[in-house]
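Descriptive structure summary
Listed below, chain by chain, are the residues.
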Amino acid sequence: MNVGSKYAIYSVLIGATIAYSIMTFFSYEGNLLKALSWIKEWNYVSNLLIGLFELLLFGYFFGRLAAKEIIEKKRDHTWVGFKYGILTLCSGTLLGSLIGFFQEGFQSIGTHDDPFVDYIYKPMFWVTFFGLLPVLFVGFWFGRQIKKHSK
């Protein structure tokens, strides 16, 4: 089922490129160079890189499962691709959020801040909000590629 892992890695990289493009679009204030470098202005570069690594790891794992469902169990490739895209997005985001939570938010428990909201809920919400449509398209593409390869 290596074909599933291969296309899942491609899908994660395509999705990450789309996410970067979305953030660049929202950062654009008439200065394209500044908009393209929005990531350097954040203090979360290491968290984002770890999150990307986790997305790739989960993509590899879930890609194998998706290929098994599509090729062996003959399930509908479009919805299987979307389902595993969502699982990859949510799993990678949750693990990436937990890293930030344990690095910075854990010591804020019991203060006026709510680290669960700041480090877990908000990232999960926003990544899911902005990632749902790209995951839909990339997930359908992903499932179709596995289906094509199985013929």
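The model shown is predicted, which means the values in this text are computed figures rather than measured ones.

1. Structural notes on the overall build of the protein
- The helix and strand inventory of the protein stands at 6 helices and 0 strands.
- Counting helices and strands in the order they occur from the N terminus, the protein gives α-α-α-α-α-α.
- Relative to its full complement of 151 residues, the protein shows a buried share of 34%.
- Look at the contacts in the protein between residues 6 or more apart in sequence, and 71% of them connect residues 24 or more apart.

2. Some thoughts on the environment of Y121
- Tracing the backbone shows Y121 in helix 6 (residues 115-150).
- The exposure class assigned to Y121 is exposed, which follows from its relative accessible area of 52%.
- Considering only alpha carbons, one finds Y121 and L94, 27 residues apart in sequence, at a separation of 8.9 Å.

3. Overview of the pattern of salt bridges
- For the coordinates displayed, the defined rule picks out 3 salt bridges.
- Two residues, E69 and K83, come together in a salt bridge whose shortest N-O distance is 3.0 Å. Of this pair, E69 sits in helix 4 (residues 45-72) while K83 sits in helix 5 (residues 77-105), and the two are 14 residues apart along the sequence.
- Overall, the relative accessible area of 9% leaves E69 in the buried class.

4. Structural notes on the packing of helix 4 against helix 6
- Closest axis-to-axis distance for the helix 4/helix 6 pair is 10 Å, and the angle between their directions is 55°. On the basis of the axis angle, helix 4 is oblique to helix 6. The two elements helix 4 and helix 6 meet at a crossing, and its hand is right-handed. Contacts from G63, A66, A67, I70 and I71 of helix 4 reach helix 6 at F142, G143, I146, K147 and S150.

5. Details of a nonpolar patch on the surface
- Together, F25, F26, Y121, F125, W126, F129 and F130 make up a nonpolar patch on the protein surface, roughly 810 Å² of accessible area in all.
- Broken down by secondary-structure element, the contributors of at least two residues to the nonpolar patch are helix 1 (2-27) and helix 6.
- Among the elements that make up the nonpolar patch, the one with the highest residue count is helix 6 (5 residues).
- Turning to its location among the elements, F130 is positioned in helix 6.

How each quantity is defined
Residues numbered from 1 in each chain as written. Predicted model: local features only at pLDDT ≥ 70, side-chain atom pairs only at ≥ 80, totals over all residues. Heavy atoms only, no water. Helix = DSSP H or I, 4+ residues; strand = E, 2+ residues; numbered from the N terminus. Buried < 20%, exposed > 50% of the residue type's maximum accessible area, 1.4 Å probe, protein only. Contact = heavy atoms within 4.5 Å. Salt bridge = Lys/Arg side-chain N within 4 Å of Asp/Glu carboxyl O. Axes fitted to C-alpha atoms, helices over the stretch in contact; angles between N-to-C directions. Parallel < 35°, antiparallel > 145°, perpendicular 65-115°, else oblique. Left-handed = near helix turned anticlockwise from the far one by under 90°. Patch = residues over 30% accessible without salt bridge, like charges linked within 9 Å, V, L, I, M, F, W, Y side chains within 5 Å. Areas by Shrake-Rupley, 256 points an atom, 1.4 Å probe, with all protein chains shown as cover.

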